[in-house]
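Descriptive structure summary
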Amino acid sequence: MPSLRRVARENARRIFEEKEKLRLELENARRIFEENEKLRLELENVQRIFEENEKLMLELDAKRKELNSRCKQRDKLEAENDGEKKQLDDEKQKTAIENTSRELPSMVQKKADEDVRKHIQAQKREKEAAISKIIELERQLDQKQQLELEKEQLEGTLRVMKHLISKERKSNDELGEARKELIMGSDDLLSGRTNIGIKRMGELDEEPFQNACKRKYQDEEAAIKAAELCSNWQGQFKEPGWNPYKIVECRRETKEVVNEQDPKLKELWFEWGDDVYNAVKTALIELNEYNASGRYTVPELWNYKEGRKATTKEVIRYIFEQWKINKRKR
């Protein structure tokens, strides 16, 4: 039994080896077939390319022959055209010579006429240039005379203006002196509750201080506090270290105005209200207008009824009316 199994195994192994060998031979045969098929296709492709090249060569040769034929035909036509052109040029030259012989006298006359025309035009241009020059010189002369006339007029106007300014300055000085005399000599007539009077510019109005103090203190104490407060602020104006003004630009001009953001003024407004603040502000404006450097009060003729500076005419009229009233009383 063992020997039979061994024989069976050997037979089986031999059969397997033969099958494997056969499989390898089949694969090799298939590979050879595929390579042969690939080679056949390549040969067919080469044959097709060769045939196409042959066809292209034939077409190219035909085109070359056709082109050569056309070139020969063109050369023939050009030769014929050159002959005809030469003949035509000869005829034209002959005709031109004949025409020149006939037209030469006419051409000479035309040239002479053209020279005369050019000469006339040149003379015309020279004449026009001369006339333009004369007109320009006359215009410049008129302009110069006009400028001289305007200069004389301006100089005359300037002399008149200087004279007027001098007279105005003199009149203003005289008017200022007259107002000073009125202030000094009419103190009695213009004192008290009058429509026209003497106001000290830069002097604080006590009434707002009195009203403000009455709201905080009793009558007698209020009067004392108001007087003290007013006096203290009047003294503040003269302190050189205090500058309650600022520079602003208005209509391209600079001017000095009260600085409403000044700490002292803000404190005054916060503690005493608008009326006291406005009284101080008004006094500061007046001081800056009448005596900015010294900050002391300046007397001015004043129209209390309208709250403005009184004119000299108003003051004189008022004094005259008061004089007549006093005269009737006597």
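The structure under discussion appears in the preceding block.
Residues numbered from 1 in each chain as written. Predicted model: local features only at pLDDT ≥ 70, side-chain atom pairs only at ≥ 80, totals over all residues. Heavy atoms only, no water.

Focus on the side chain of K199
One can find K199 in strand β1 (residues 196–201). A relative accessible area of 17% means that K199 is categorised as buried. In this structure the side chain of K199 is engaged in a polar contact, spanning 2.8 Å, whose partner is the side chain of E286. Here K199 is in contact with E286, V298, P299, E300, W302 and Y304, once residues within four sequence places are set aside. (Helix = DSSP H or I, 4+ residues; strand = E, 2+ residues; numbered from the N terminus. Buried < 20%, exposed > 50% of the residue type's maximum accessible area, 1.4 Å probe, protein only. Polar contact = N/O pair within 3.5 Å; in protein donor to acceptor, adjacent residues only side chain to side chain. Contact = heavy atoms within 4.5 Å.)

Re helix α2 (residues 206–214)
The complete set of buried residues in α2 reads P208, F209, A212 and C213. All buried residues of α2 lie within an arc of 130° about the axis, which places them on one face of the element. Looking at the buried residues of α2, the elements they touch are α3 (219–236), α4 (263–272) and α5 (274–290). Looking at where α2 begins, the residue whose side-chain oxygen comes 3.3 Å from the main-chain nitrogen of E207 is D205. (Arc of directions from axis to C-beta.)

Focus: the packing of aromatic side chains
Aromatic ring pairs are defined here through the distance separating the ring centres and the angle between the ring planes. In the structure shown here, the tally under the stated rule is one aromatic pair. Above the face of the W302 ring, K199 is positioned so that its terminal group lies 5.3 Å from the ring centre. The ring of W272 carries the charged tip of K216 above its face, separated from the ring centre by 4.1 Å. (Phe/Tyr/Trp six-rings, centres within 6.5 Å; stacked < 30°, edge-to-face > 60°. Lys NZ or Arg CZ within 6 Å of the ring centre and 35° of its normal.)

Bear in mind that shape data such as this cannot, by itself, settle questions of function.
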